[in-house]
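Coordinate analysis (summary)
For reference, the chains in residue letters:
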Amino acid sequence: MILLPLTLMAWLFVSWDAVDRLCRKFGWQMRQGIGMAIWTVLGLAGGFYLMSLFHAF
């Protein structure tokens, strides 16, 4: 079951990049700003979703 941790780590890196691009587009701060809150919520929601997918299989 090594695939789940690798998938979760990949999700965190992909979501970090996506939120960073969003913050740059709107001129928000990524660190110590709204970007960290968005990334935390997005990371947790995506992690829970991926874990539910792996348990379903």
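Throughout what follows, the structure given in this document is the object of discussion. For every chain, the first residue of the written sequence is number 1, and numbering continues from 1 onward in sequence order. In keeping with the predicted nature of the model, local features appear solely for residues at pLDDT of at least 70, side-chain atom pairs appear and are counted solely at 80 or more, and the whole-chain, interface and lining totals rest on all residues. The side-chain quantities take in all heavy atoms of the structure and omit both hydrogens and water.

This brings us to the packing of aromatic side chains. Stacked, edge-to-face and tilted labels apply to pairs of Phe, Tyr and Trp rings (six-membered ring for Trp) whose centres lie within 6.5 Å, assigned for plane angles under 30 degrees, over 60, and everything in between, in that order. In this structure the tally under the stated criterion is two aromatic pairs. With 5.1 Å between their ring centres and 20° between their planes, phenylalanine 26 and tryptophan 28 make a pair best called stacked. Residue classification places tryptophan 28 among the partly exposed residues on the basis of a relative accessible area of 37%. Remark: exposure states derive from per-residue accessible area (1.4 Å probe, protein chains only) relative to the maximum for the residue type, with buried under 20%, exposed over 50%, and partly exposed in between.

This part takes up the pattern of salt bridges. We define a salt bridge as a contact between a side-chain nitrogen of Lys or Arg and a carboxyl oxygen of Asp or Glu at a distance within 4 Å. In this structure the tally under the stated criterion is two salt bridges. With a shortest N-O distance of 3.1 Å, arginine 21 and aspartate 17 are connected by a salt bridge. Within this pair, arginine 21 and its partner aspartate 17 are both found in helix α1 (residues 3-26), separated by four residues, close to a single helical turn. Close ionic contact of arginine 24 with aspartate 20 constitutes a salt bridge, the shortest N to O distance being 3.3 Å. In this pair, arginine 24 and aspartate 20 are both assigned in helix α1, four residues apart and thus about one turn of the helix distant. Helix and strand assignments come from DSSP, with helices taken as H or I runs of at least 4 residues and strands as E runs of at least 2, each series counted from the N terminus.

Quick look at α1 now. What a helix should span is 1.5 Å times the count of its residues minus one. Taking 1.5 Å as the rise per residue, α1 with 24 residues should run 34 Å; its terminal C-alpha atoms sit 35 Å apart, in good agreement. Taken together, the buried positions of α1 are occupied by Leu4, Ser15, Val19, Asp20 and Cys23. In the stretch just after α1, glycine 27 is the one whose phi turns positive, near 80°.

If you trace the backbone, serine 15 turns up in helix α1. What makes serine 15 buried here is its relative accessible area of 2%. Contacts described as polar in this section are N or O atom pairs within 3.5 Å, which, within protein, must combine one atom able to donate a hydrogen with one able to accept it, while residues neighboring in sequence count only if both atoms come from side chains. Here leucine 12 takes part through its backbone oxygen, which lies 3.1 Å from a polar atom of the side chain of serine 15. Contacts are residue-level and defined by heavy atoms, with any inter-residue pair within 4.5 Å sufficient. Not counting chain neighbours up to four residues away, the residues in contact with serine 15 comprise Trp39 and Leu42.

Like-charged residues within 9 Å of one another, or nonpolar side chains (Val, Leu, Ile, Met, Phe, Trp, Tyr) within 5 Å, are grouped into patches, provided each residue has over 30% relative accessible area and no salt bridge. In this description, accessible areas are obtained by the Shrake-Rupley approach with a 1.4 Å probe, and a residue is regarded as covered only by the protein chains that are shown. Judged by side-chain polarity, Leu22, Phe26, Trp28 and Ile34 come together as a nonpolar surface patch covering roughly 370 Å² of accessible area. In this structure, tryptophan 28 sits in the loop between α1 and α2 (34-56).

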